[in-house]
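For reference, the chains in residue letters:
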Amino acid sequence: MDNLHEYLMPPFSEGLLLKRKRIKRQLISRRNDWIDKKIAVLGGTTTHDIKDALEIFLLNQGIRCDFYESEYNQYWQDAMFENEKLKQFMPNIIFIHTGNRNIDRFPSLSDSREAVDELVDNVYGHFSDMWNRIFKQYGCIVIQNNFDYPYWRLQGNREATDYHGRVNFITRLNLMFAEYAQRHENFYINDINYLSALYGLEKWNDPFSWYMYKCSPAVQAVPLLAYSVSNIIKSLLGKNKKAFALDLDNTLWGGVVGDEGAENLKIGHETPTGEAYTEFQEYLKGHRELGVILNVISKNEEKNALSGLNHPEMTLKSDDFVMIKANWEPKSQNLMEIAGVLALTPDSFVFVDDNPAERELIRQQIENATVPEIGEKPENFIKTIDRMGYFETTVMSGDDETRERMYLENAKRTTAEASFSDYDEYLESLDMSAEISSFIPMYYSRITQLCNKSNQFNLTTRRYTQAEIEKIAVDNSYIKLYGKLKDKFGDNGVVSVVIGHQVDDVVDVDLWIMSCRVLKRGMEYAMMDRFAEECRRRNVNTIIGHYYPTGKNGMMKEFYGLQGFSKEDEDEIGNTTWSLHLNEYIMKNHVIDLKHRSDVQER
Amino acid sequence: MDSEKILEKIQSIFRDIFDDEDLMVTVETESAEVEDWDSFAQMQIIMGVEAMFGFKFSTDEVTEFKNVGDMLECIARHIA
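Here the structure is a predicted model, which means the values were calculated and not measured.

Engineer: Just to check I follow, could you spell out the overall build of chain A for this structure?
Structural biologist: Scanning chain A for helices and strands turns up 24 helices and 17 strands. A globule of 603 residues ought to have a C-alpha radius of gyration of about 25 Å, and chain A, at 26 Å, matches this closely. Dimensions of chain A along its principal axes, counting C-alpha atoms only, are 80 × 70 × 50 Å. Taken across its 603 residues, chain A has 57% of its residues classed as buried.

Engineer: Before we go on, may I ask you to explain the environment of Ala197 of chain A in this structure?
Structural biologist: Residues and elements named next belong to chain A. Relative to the helices and strands, Ala197 is located in helix α9 (residues 192–199). Classification of Ala197 by relative accessible area gives exposed; the value is 56%. Taking the C-alpha atoms as reference, Ala197 lies 32 Å from Ser445; in sequence the two are 248 residues apart.

Engineer: Looking at this structure, I do not really get the packing of α9 of chain A against helix α12 (residues 222–236) of chain A. What am I missing?
Structural biologist: How two helices sit against one another is set out by the angle between their axes and by the gap between those axes. Residues and elements named next belong to chain A. In contact at an axis separation of 11 Å, α9 and α12 are set at 140° when each is read in the N-to-C sense. The angle between the axes of α9 and α12 places the two elements in the oblique class. Crossing of α9 against α12: the hand is right-handed. Mapping the contact onto sequence places Ile192, Leu195 and Tyr199 in α9 and Leu224, Leu225 and Ser228 in α12.

Engineer: Is there a simple way to explain the domain arrangement of chain A in this structure?
Structural biologist: How big an interface is tends to be expressed through the accessible area that disappears when the partners come together. Residues and elements named next belong to chain A. If you check the domain split of chain A, you get domain 1 (4–236), domain 2 (243–388) and domain 3 (429–595). Each of domain 1 and domain 3 has a C-alpha centre, and the two are 38 Å apart. In this complex, domain 1 contributes 11 residues to the contact, which on the side of domain 3 involves 11 residues. When domain 1 packs against domain 3, close to 810 Å² is buried across both sides, 46% of that on carbon and sulfur atoms. Here domain 1 is connected to domain 3 by 0 salt bridges. On the surface where domain 1 and domain 3 come into contact, there are 4 residue pairs in polar contact (both at pLDDT 80 or more). The class makeup of the residues in the side of domain 1 that touches domain 3 is 5 nonpolar, 3 polar and 3 charged.

Engineer: Even after reading the chapter, I still don't get the interface of chain A and chain B, so can you show me in this structure?
Structural biologist: Between chain A and chain B, the contact holds 18 residues from the first and 22 residues from the second. In total, about 1,800 Å² of surface goes out of reach between chain A and chain B, with carbon and sulfur atoms giving 64% of it. Counting the surface chain A buries against chain B, the share from its top three residues, Leu18, Phe208 and Tyr213 of chain A, is 35%. Counting across the interface, chain A meets chain B through 4 salt bridges. The partner of Asp16 of chain B in a salt bridge is Lys19 of chain A, and the shortest N-O contact between them spans 2.6 Å. At the boundary of chain A and chain B, one finds 5 residue pairs in polar contact (both at pLDDT 80 or more). If you list the elements that add at least two residues to the side of chain A that touches chain B, you get α2 (15–18), α3 (20–30), α4 (48–60) and α11 (207–213) of chain A. Looking at the side of chain A that touches chain B residue by residue, the class counts come to 8 nonpolar, 3 polar and 7 charged.

Engineer: Is there a simple way to explain the environment of Met528 of chain A in this structure?
Structural biologist: Residue and element names in this part refer to chain A. Tracing the chain through its elements places Met528 in helix α23 (residues 523–537). Judged by relative accessible area, Met528 falls into the buried class, the value being 0%. Linking Met528 and Gly44, residues 484 residues apart in sequence, is a C-alpha distance of 50 Å. For Met528, the residues in contact, after removing those within four places along its chain, are Trp512, Ile543, Gln563, Phe565, Leu580 and Tyr585.

Engineer: What is the right way to read the packing of aromatic side chains from this model?
Structural biologist: What describes a pair of aromatic rings is the distance from one ring centre to the other and the angle between the planes of the rings. Residue and element names in this part refer to chain A. On inspection of all chains with the given rule, the structure shows 36 aromatic pairs over all chains. Geometrically, the ring pair formed by Tyr68 and Phe89 is tilted, given 5.9 Å between the ring centres and 45° between the ring planes. In this pair, Tyr68 sits in strand β2 (residues 63–69) while Phe89 sits in helix α6 (residues 84–89), placing the two residues 21 residues apart along the sequence. Centroid distance Tyr124 to Phe177: 6.3 Å. Interplanar angle 55°. Geometry classified as tilted. Residue Tyr124 is found in helix α7 (residues 113–138), and its partner Phe177 is found in helix α8 (residues 166–183); the two are separated by 53 residues along the sequence. Phe177 shares its class with Tyr124; the two are buried. For the cation-ring pair, Arg31 lies above Trp34, with the distance from its terminal atom to the ring centre recorded as 5.7 Å. Over the aromatic face of Tyr199 sits the side chain of Lys203, whose NZ or CZ is 4.9 Å from the ring centroid.

Engineer: What am I meant to see in a nonpolar patch on the surface here?
Structural biologist: Residue and element names in this part refer to chain A. A cluster of nonpolar side chains, contributed by Leu109, Tyr151, Trp152, Leu154 and Tyr211, occupies part of the molecular surface with about 570 Å² of accessible area. Turning to its location among the elements, Trp152 is positioned in the loop between β4 (141–145) and α8. You can call Trp152 partly exposed: its relative accessible area is 38%.

Engineer: What's the story with the pattern of salt bridges in this structure? I'm lost.
Structural biologist: Here the idea is simple: oppositely charged side chains can pair when their charged atoms come close. On inspection of all chains with the given rule, the structure shows 34 salt bridges over all chains. In this structure, Lys24 of chain A engages Glu55 of chain A in a salt bridge whose closest nitrogen and oxygen atoms are separated by 3.4 Å. Taken as a pair, Lys24 of chain A in helix α3 and Glu55 of chain A in helix α4 lie far apart in primary sequence, 31 residues in all. Classification of Lys24 of chain A by relative accessible area gives partly exposed; the value is 31%. For Glu358 of chain A, the salt bridge identified is with Lys299 of chain A, shortest N-O distance 3.0 Å. Of this pair, Glu358 of chain A sits in helix α17 (residues 356–365) while Lys299 of chain A is found in strand β7 (residues 293–299), placing the two residues 59 residues apart along the sequence. With relative accessibility at 10%, the residue Glu358 of chain A sits in the buried group. The class of Lys299 of chain A is partly exposed, set by a relative accessible area of 30%. Taken together, the shared-partner salt bridges connect Lys19 and Arg22 of chain A together with Asp16 and Glu21 of chain B into one network.

Conventions we followed
Residues numbered from 1 in each chain as written. Chains lettered and ligands numbered in written order. Predicted model: local features only at pLDDT ≥ 70, side-chain atom pairs only at ≥ 80, totals over all residues. Heavy atoms only, no water. Helix = DSSP H or I, 4+ residues; strand = E, 2+ residues; numbered from the N terminus. Rg over C-alpha atoms; globule rule 2.2 N^0.38 Å. Buried < 20%, exposed > 50% of the residue type's maximum accessible area, 1.4 Å probe, protein only. Axes fitted to C-alpha atoms, helices over the stretch in contact; angles between N-to-C directions. Parallel < 35°, antiparallel > 145°, perpendicular 65-115°, else oblique. Left-handed = near helix turned anticlockwise from the far one by under 90°. Contact = heavy atoms within 4.5 Å. Domains from an automatic or database assignment. Buried area = accessible area lost by both parts, 1.4 Å probe. Salt bridge = Lys/Arg side-chain N within 4 Å of Asp/Glu carboxyl O. Polar contact = N/O pair within 3.5 Å; in protein donor to acceptor, adjacent residues only side chain to side chain. Nonpolar A, V, L, I, M, F, W, Y, C, P; charged D, E, K, R; others polar. Phe/Tyr/Trp six-rings, centres within 6.5 Å; stacked < 30°, edge-to-face > 60°. Lys NZ or Arg CZ within 6 Å of the ring centre and 35° of its normal. Patch = residues over 30% accessible without salt bridge, like charges linked within 9 Å, V, L, I, M, F, W, Y side chains within 5 Å. Areas by Shrake-Rupley, 256 points an atom, 1.4 Å probe, with all protein chains shown as cover.

This is how it looks when you write it as structure tokens:
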């Protein structure tokens with residue numbers, strides 16, 4: 001199946017569901033480094049197709065799931081009552097698939113205003129009681145559909161304004177769902193109200209699918225719905241893209257700056273084409289605020305590129321970009337260089353280019369490259385990129401907002417490094433200080449984010465949801481440290497996390513990760529020193545460490561050896577086990593000044 | 001298009017859905033004879049046929065299907 005990726009990208013065709021078995025088999029054979037999760041799909045309709053499509057999209061993101069499915073329309077009973085099967089399943093995520101067909105009672109025209117208000121509260125309560133119960137019982141992530149509109153309107157337009165109207169009723173419920181989401185972490189709305197509009201309400205709400213199969217939305221709309229849920233999940237598991245690599249000529253503006261001169265570019269509000277490029281630039285600029293890094297890769301003389309970027313009608317200015325590569329080298333080479341400087345993997349860039357030949361080259365030369373088929377018409381660029389959900393935002397950790405600044409500082413460090421001949425001298429010159437402490441609530445979201453997006457400096461590649469991190473944080477049998485690193489160029493924020501669990505006088509290290517933007521700064525030694533200190537305080541004698549190889553963490557193979565551990569065991573696939581007796585441990589950090597959090601009570 | 005020609009055209013739908021490259025359905029094939037032919041498979045077959053020929057069945061038509069032959073006749077009526 002050579003065209004596999006066509007089935008997996010919007011707009012979706014029936015083929016995805018018809019060939020689901022073959023698609024699934026192919027996706028499973030394509031890789032071996034999986035994130036494993038358990039998802040319960042609790043449905044107010046039949047959910048078999050939804051589950052299958054969701055499984056396929058998640059496999060495509062490297063996420064392999066076990067599924068639990070409720071019986072038809074048993075979502076509420078499954079969640080609300082003692083449910084041994086679901087308890088034993090221990091879901092990481094519960095997805096509740098409901099829609100307007102699951103609203104048991106709508107207002108009737110004779111109802112008073114008070115009666116309708118009460119009815120809204122009742123329907124809302126039916127759901128919010130269930131969410132509260134799930135959080136208490138299962139402590140997992142909840143993804144809940146809001147409501148789609150019905151496909152008929154008794155009063156026509158007045159359904160939207162009259163409090164008896166179903167459109168009005170559903171709008172009120174959706175706002176209440178949204179407010180619950182604002183007040184609760186680990187709760188996410190799958191916005192089928194928007195999806196159904198996007199898809200076309202008449203096709204979405206297909207009575208045939210409902211009467212024949214108790215399927216809602218229409219079977220044909222299932223991939224769109226499942227894709228949306230998969231985007232929320234992959235975002236929570238740190239699989240979002242992180243940066244754009246943008247072409248200039250006929251991508252950010254109309255025309256070729258080297259041939260036509262900056263003054264003749266199509267940009268700004270003077271021409272329809274110019275307006276299309278301007279709106280695309282506004283769309284990209286919005287991503288900058290989300291913490292997505294903008295970069296340019298253009299085949300151009302640098303001075304021509306800059307003259308275009310300095311055009312007065314440009315919405316994006318040169319300082320909106322972190323890296324600008326304007327030269328005649330192959331674009332893949334420029335992309336690799338930018339990825340290296342920013343310490344990102346090349347597949348975390350979304351490569352945007354109007355030239356199909358350049359797109360194809362990147363696909364061939366960069367493994368798992370992300371290259372949307374934007375076509376050549378600027379009026380379609382936003383639509384094509386937006387539907388992909390590359391940057392689905394679930395958690396706004398404060399860290400995201402300052403990420404761009406940190407990448408800029410990193411670029412400065414790279415320059416400073418070049419001016420020292422002795423590496424230790426360079427490290428000393430950075431005036432580094434670190435704060436290493438037990439998890440505190442302020443950093444839960446950042447810790448979760450780091451757990452889920454670190455691939456290279458990661459010994460075991462275990463993934464955690466925020467709910468799991470919160471549990472570990474308050475469990476005394478765990479040693480759980482985060483590390484923040486500062487230097488004279490700026491604050492890197494939380495860059496390292498270590499989790500170990502203690503049984504008697506042995507601590508087994510479950511997770512040891514560090515952000516690649518602080519590689520070779522000595523932070524791993526500072527973390528180990530602090531970890532050892534904590535172990536000694538708990539009268540631990542031995543630390544056990546594990547290394548599980550994946551396609552991405554080859555650099556960690558000898559990590560424990562460098563930390564002074566001895567290798568105990570190695571199996572046929574290269575998994576290794578290491579141990580360290582604490583009385584043999586020698587403190588290693590000498591370049592980072594350690595600061596203790598005075599306001600945190602250490603256990 | 002006669003029933004035989006339609007049958008030939010829709011074999012690929014059955015093969016995809018049941019994930020069996022050698023599957024040959026005939027006019028007499030009933031759902032009970034094919035492993036995994038449950039209501040979900042039924043739904044996919046209907047969807048596949050509708051997408052292939054570009055029309056929609058009615059609920060009445062679908063509930064009347066007893067075997068593949070019934071469906072072929074119905075398809076023939078729609079595309080005549």
